[in-house]
Amino acid sequence: MSNPAVPPRSLAEALRARDDDSLAALLRARPDLITPVPTDLTQLATRAGTRASVVRALERLDLFALRTAEALAVAADPAPYGELERLLTGDAGDPAVSAALPRSLGTLREQALVWGDDDRLRLVRTARELLAPSPQHPSPTGLGPTVQEATAGMSPGRIQDIVTAAGLGSTHDAVSAVASLTALFTDRERMSALLAGLPEESRAVLSRLVWGPPYGQVTSDPAAHLRRLLDLGLLVPTAPGTVVLPREVALHLRGGRAHREVEPLPPAVEPAASHRPQVVDATAAGQAYTALATVEELLKDWDEGGPAVLRAGGLSVRDLKRTAVALDVSEPVAAFWVELAYAAGLVASDGEADERYAATPAHDEWLEQPPAQRWARLAQAWLTATRTSGLVGGRDAKDRTLSALGPGLDRGAAPEVRHRVLTLLAGLPEGASPSAESVLARLRWERPQRREEDLRSRLAEWTLKEAELLGVTGRGALSGHGRALLGAAARRTPDAEPQRAPRTSDAEPQRAPRTSGAEPQGPGDKLPVHHRPVAVAEPLTSAEQAAASAAAARLLAPLLPEPLDHVLLQADLTAVAPGPLRRPLADVLDVLADVESKGGATVYRFTPGSVRRALDAGQSASDLHAFLAAHSRTPVPQPLTYLIDDVARRHGHLRVGAASAYVRCDDDALLNEILADKRAAGLRLRRLAPTVLAARTDPASLLDGLRAMGFAPAAESAEGDVLITRAHAHRTPPRSAPEPVPDGPPVPDATLLAAAIRAVRAGDLASTAPRKPTDRPPLAAGELPRTSSAETLATMQAAVLTGESLWIGYVNAEGTASQRVIAPVRVEGGFVTAYDHTADEVRTYPLHRITGVAELAED
């Protein structure tokens, strides 16, 4: 551990001075640094400064933290805290910025993007290269190079001419001349006097360049007002025909501010409407019931084998349209339900040669669960899925159409955005729904430098719509069961605490909590909801997810309608189900009747075809009469009784078998009627016997043809028995739900963090332990000690007698090299038993795997 009184000279020394909690916060905020675990703090600091890691860290900064880093990039290196504050607040000052700056700087320090004490703040070199101004990469601040950088290629004589024109005394070299010019441009009084003497046209040119971009074009013979600016060094030529406004001049014109807008506080998510929480919960519960019914309808439609799988994977456009028509929704909404069923593991491809989509065995288990638990499973799958149905119909990087259930729909940021949007809704008063614009503005403030900013905004818009479809929200406000579903994740972020609003009527608006953005907050003060820093939510364990789902199901269950065990039969051959039906009743009724309309009440219609379908499934007329009588709250109408009896009387009167196919019937008059019917010409029938007709078509086609003519034939087996045909439920082999595609390395849990920090500390102890001076040349950083086998053995034996600790290099069985500090206890049989300071335990090492040994200094 370095001496805290001595300022750190490098990022590695700054990390070495941190405690374990601070290192854990760093690794949690930047999980890519722990994959794989660094050997010591020097390697951790090196990894933290790599371009890929720094870019990822910058992308996850909020707007004000990013503005702070950008200001440091244009400040001196190192920069005192006061200079950084002046760049952000300007000459006039800004109390809100000054109050928010310590927290922003703390975020940068925590993520190892800034290190050093307040009087010597240093931005990590890679971050400075990314954010500092350059002709190839203009700074987000709009500032240009400094006077020293802009005049680097200028001749000494030209620099002396500028100094003289500015009224400064000539110097003996170009370096002192540039320093004199810089001092002029940074002196507020002298600079104001210099600009006051310029013509209006010259000041207008400077005003056009002041907020960036700082580069402009001039001709080979510039006008007088431009020539005056060039003579004074207020514009500096960088290339033929190109001039730049020096940074010091721009900062003076800006009043010392590095940015036009700083926005130290996140925009508040303002309520756009307010409803009673009971109304929100009831609306969301109704939508949750509709969601369950829609997914069940989808799976029922695909029960006997769904659409074919495209060669490239996914649903065809035609099949998606058919599914949308079957569900009576738009195609984007149909894609959402299909993807939701797939994410929940209820639908998958069957893997056959003629590959098709079908329900999975998990679908049957899902149907047996109570409705609230079924909804919780769907909602949890949606919350964690990375597949994004909103992309369906778009184009990928190779200009190929993205199809539902196809590849290319995974977006790693989707779960984070869904959690974040719902967490923002949870921070509003109960029953309050926000405007989409305020949610998007908040998300843009939290992640301003995301390369997929447009996708992030679209993900947020899709989240608001999908949450309403699924019943997580009602009337745009987060429901009680939606809040419970989010509960475990929301408790891990500081701005997710819900605010309870007073119970009011729907017509009475509620005001958002009013906060003061200019008052500084002390470290112990509880920040208002929209003033709190953005926190990274830790990953939920499976137990936490299960607990949240169970809590949501418990809250939703009383709000869902109870399944009914009866229908209302009507004289017009219809049945009305005034609510959801219990499963046995619903399954039989789906076979016996056709759905005519859906809604709060479902209307079924009985037709000869639907009754025949029930008879083909093995039901008898008496079974159907008993079923209807048992489940109808109204008397069974006579027309329905006659319909069932009439279809049953004719059902099976004709028998179809395989000759190629034949028809037999005891009533030869009926066979004569069939032969005389012109519609039978396509069946190519001929009489084999008074009661038997033969056909040149297959039995299935013969059955369909006779049914189209109005007859009710029944198929028979080779033994002459009536062949009962039942609906065949096609199922895929057992399939697991698709795994989410993570957006970068996962956030490590507490166990992994503790183990990693322990390993890094131990490795750092081994690499930085002082060694006794020897005649050998000093080792480079990270290089293992090298000694002969005899010298290693002798040093080990001596250390056992003296009790001293040694520094060794060790290569394990997998070939991984490491440095360790050990205190040998026993040496025998080619092994050394020692207390390993690195692992904090006693271990045994083979001597032949020790590359070398060195004695540690006594202190």
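Reference entry: report on the structure contained in this document.

The rules behind these values
- Residues numbered from 1 in each chain as written.
- Predicted model: local features only at pLDDT ≥ 70, side-chain atom pairs only at ≥ 80, totals over all residues.
- Heavy atoms only, no water.
- Helix = DSSP H or I, 4+ residues; strand = E, 2+ residues; numbered from the N terminus.
- Areas by Shrake-Rupley, 256 points an atom, 1.4 Å probe, with all protein chains shown as cover.
- Phe/Tyr/Trp six-rings, centres within 6.5 Å; stacked < 30°, edge-to-face > 60°.
- Buried < 20%, exposed > 50% of the residue type's maximum accessible area, 1.4 Å probe, protein only.
- Lys NZ or Arg CZ within 6 Å of the ring centre and 35° of its normal.
- Polar contact = N/O pair within 3.5 Å; in protein donor to acceptor, adjacent residues only side chain to side chain.
- Pairing = 2+ DSSP bridges.
- Axes fitted to C-alpha atoms, helices over the stretch in contact; angles between N-to-C directions.
- Contact = heavy atoms within 4.5 Å.
- Core = buried A, V, L, I, M, F, W, Y, C linked by side-chain atoms within 4.5 Å.
- 1 Å grid on protein atoms, 1.4 Å probe; cavity = no way out; pocket = protein on both sides within 12 Å on 5 of 7 lines; lining within 4 Å.
- Points joined across faces, edges and corners; volume = space filled by probe spheres on them.
- Expected span 1.5 Å × (residues − 1).
- Bend = angle between axes of the 7 residues up to and from the residue.

Points about the overall build of the protein chain
Next up, step 1: When helices and strands are counted, the protein chain shows 33 helices and 25 strands.
Next up, step 2: Of the accessible surface of the protein chain, which amounts to about 40,700 Å², a share of 53% is contributed by carbon and sulfur atoms.

Digging into the packing of aromatic side chains
Next up, step 1: For the structure on display, the rule yields three aromatic pairs.
Next up, step 2: Ring geometry for Trp 302 versus Tyr 357: centroids 6.3 Å apart, planes at 25°, classification stacked. Of this pair, Trp 302 sits in the loop between α16 (277-301) and α17 (317-327) while Tyr 357 is found in strand β8 (residues 357-359), placing the two residues 55 residues apart along the sequence. The two residues Trp 302 and Tyr 357 agree in class, both being buried.
Next up, step 3: Seen from the ring of Trp 366, Arg 374 lies directly overhead, with NZ or CZ sitting 5.4 Å from the centre.

Side note on the side chain of Arg 447
Next up, step 1: Topologically, Arg 447 is positioned in the loop between α22 (436-446) and α23 (453-470).
Next up, step 2: According to the relative accessible area criterion, Arg 447 is buried, its value standing at 6%.
Next up, step 3: At a separation of 3.1 Å, a polar atom in the side chain of Arg 447 contacts the main-chain carbonyl oxygen of Arg 60.

Regarding the sheet that holds strand β25 (residues 850-855)
Next up, step 1: An order of β24-β23-β22-β21-β25 is seen for the five strands of this open sheet, with the pairing classed as antiparallel. At either margin of the open sheet sits one strand with a lone partner, and together these are β24 (841-846) and β25. Within the sheet, the average angular offset between the axes of one strand and its neighbour, ignoring direction, is 45°.
Next up, step 2: Strand direction decides the pairing type here: strand β21 (residues 806-811) and β25, joined by five bridges, are antiparallel. Within β25, the position partnered with Trp 807 by the bridge is Ala 854.
Next up, step 3: Those strands touched by helix α33 (residues 789-802) are β21, β22 (817-828), β23 (831-836) and β25, and its axis lies near 60° from that of β22.

Side note on the pairing of strand β19 (residues 692-695)
Next up, step 1: Sheet analysis places strand β17 (residues 661-664) next to β19, joined by four bridges and oriented antiparallel. The partner of Ala 661 across the bridge, within β19, is Ala 695.
Next up, step 2: By the bridge criterion, four bridges tie strand β18 (residues 685-689) to β19 in an arrangement that is antiparallel. Bridge pairing in β19 links Ala 689 to Val 692.
Next up, step 3: Where β18 folds back onto β19 in an antiparallel hairpin, the turn is made up of two residues.

Some words on the nonpolar core
Next up, step 1: By size, the foremost hydrophobic cluster in this structure holds 90 residues, and its most contacted members are Phe 185, Leu 234 and Leu 235.
Next up, step 2: Looking at this core, the element that brings in the most residues is helix α5 (residues 63-74), giving nine residues.
Next up, step 3: The contacts of Leu 234, once residues within four sequence positions are left out, are Phe 185, Met 191, Leu 194, Leu 195, Leu 198, Leu 206, Leu 229, Val 244, Leu 245, Pro 246 and Val 249.

Notes on the side chain of Ser 632
Next up, step 1: Here Ser 632 lies in the loop between α28 (621-631) and α29 (638-650).
Next up, step 2: From its side chain, Ser 632 meets the backbone oxygen of Thr 634 in a polar contact 2.5 Å long.
Next up, step 3: With residues near it in sequence (within four places) discarded, Ser 632 still touches Val 567 and Leu 569.

Remarks on empty space enclosed by the protein
Next up, step 1: Scanning the model with the defined rule gives four cavities of 30 Å³ or more in all.
Next up, step 2: The element contributing the most residues to the lining of the second largest cavity is helix α18 (residues 331-343), with four residues.

What to know about the sheet that holds strand β5 (residues 242-244)
Next up, step 1: Pairing within the open sheet is antiparallel, and its three strands lie in the order β3-β5-β4. Among the strands making up the open sheet, the edge pair consists of β3 (215-217) and β4 (236-239). This sheet shows a mean twist of 40° between the axes of neighbouring strands, independent of strand direction.
Next up, step 2: Summarising the sheet, β3 and β5 pair through three bridges and their orientation is antiparallel.

Some points on helix α7 (residues 95-110)
Next up, step 1: Helix length check: α7 (16 residues) gives 24 Å between terminal C-alpha atoms against 22 Å at 1.5 Å per residue, within 8%.
Next up, step 2: Leu 101 marks the point of greatest bend in α7, at about 35°, and the proline Pro 102 comes within the next four residues.
Next up, step 3: Here α7 has its buried residues at Ala 96, Val 97, Ala 100, Leu 101, Ser 104, Leu 105 and Leu 108.
Next up, step 4: Next to the buried residues of α7 lie α5, α6 (81-89) and β1 (114-115).
Next up, step 5: The residue sitting at the N-terminus of α7 and contributing the capping side-chain oxygen is Asp 94; that oxygen lies 3.1 Å from the backbone nitrogen of Ala 96.

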